[in-house]
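# Topology and contacts: notes
Chain by chain, the residues run as shown.
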Amino acid sequence: NLLKFIKSNNCTIPFAAGIYGLITLLFTFLAIYYLTYHVPGKKIKEFDESEQTASDYTVCVTNPPGDATDINEWRDFFEQVGCGHVTCCTV
């Protein structure tokens, strides 16, 4: 002992303690990986599904007849076929 003010113990660490430390480190890395790459995607999807936006209730008619330009006629049609209340209709 060259340094007299530092106390050193002559103890041995069992092999099992090293294995426990390695398993703990591996678990920590896997948890960090999972929380970094998998949870944010799920949270965004859950948030999107829990929020209602205009695109959730939008109906787009492709290739309508050329003479179908009356907005009131479109509104009446969608209310009759069970689409509920029509708030906005554009042609």
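Everything discussed here concerns the structure shown above.
The following refers to the structure shown. Starting from 1, residues in each chain are numbered consecutively following that chain's sequence as written. It should be noted that, the model being predicted, local features are given only for residues of pLDDT at least 70 and side-chain atom pairs only at 80 or more, the latter also being counted only at that level, while totals for whole chains, interfaces and linings use all residues. The basis for every side-chain value is the complete set of heavy atoms in the structure, and neither hydrogens nor water enter the calculation.

## A word on the overall build of the protein chain
Each helix is a run of H or I in the DSSP string that is no shorter than four residues. Each strand is a run of E no shorter than two, and both are numbered from the N terminus. Within the protein chain one finds three helices and zero strands. Beginning at the N terminus, the succession of helices and strands in the protein chain can be written as α-α-α. Sorting the 91 residues of the protein chain into buried and exposed places 4% on the buried side. Here the protein chain has roughly 8,800 Å² of accessible surface; of this, 62% comes from carbon and sulfur atoms. Relative accessibility thresholds used throughout: buried, under 20% of the residue-type maximum; exposed, over 50%; partly exposed, between the two (1.4 Å probe, protein chains only). Computed with a 1.4 Å probe, the accessible areas rest on the Shrake-Rupley method; for each residue, only the protein chains presented here act as cover.

## A short note on a nonpolar patch on the surface
Judged by side-chain polarity, Phe 15, Ile 19, Tyr 20 and Ile 23 come together as a nonpolar surface patch covering roughly 480 Å² of accessible area. Structurally, Tyr 20 can be placed in helix α1 (residues 15–37). Given the relative accessible area of 57%, Tyr 20 is considered exposed. For patch building, the residue pool is restricted to those with more than 30% relative accessible area and no salt bridge; the joining distance is 9 Å between like charges and 5 Å between nonpolar side chains (Val, Leu, Ile, Met, Phe, Trp, Tyr). Salt bridges are counted wherever a side-chain nitrogen of Lys or Arg sits within 4 Å of a carboxyl oxygen of Asp or Glu.

## Points about a negative patch on the surface
The charge count treats Lys and Arg as positive and Asp and Glu as negative. His and the chain ends do not count. In this description, the location of a charge corresponds to atom NZ of lysine, CZ of arginine, CG of aspartate or CD of glutamate. On the surface, a cluster of negative charge is made up of Asp 67, Asp 70, Glu 73, Asp 76 and Glu 79. With respect to the helices and strands, Asp 67 occurs in the loop between α2 (39–50) and α3 (71–80). A relative accessible area of 67% means that Asp 67 is categorised as exposed.

## A closer look at the packing of aromatic side chains
For this analysis, a ring pair means two rings from Phe, Tyr or Trp (six-membered ring only for Trp) whose centres lie within 6.5 Å, classed as stacked if their planes differ by under 30 degrees, edge-to-face if by over 60, and tilted for the remaining angles. Scanning all chains against the criterion turns up three aromatic pairs. Ring geometry for Trp 74 versus Phe 78: centroids 5.9 Å apart, planes at 20°, classification stacked. In this pair, Trp 74 and Phe 78 are both assigned in helix α3, four residues apart and thus about one turn of the helix distant. Like Phe 78, Trp 74 is buried.

By themselves these figures say nothing about function.
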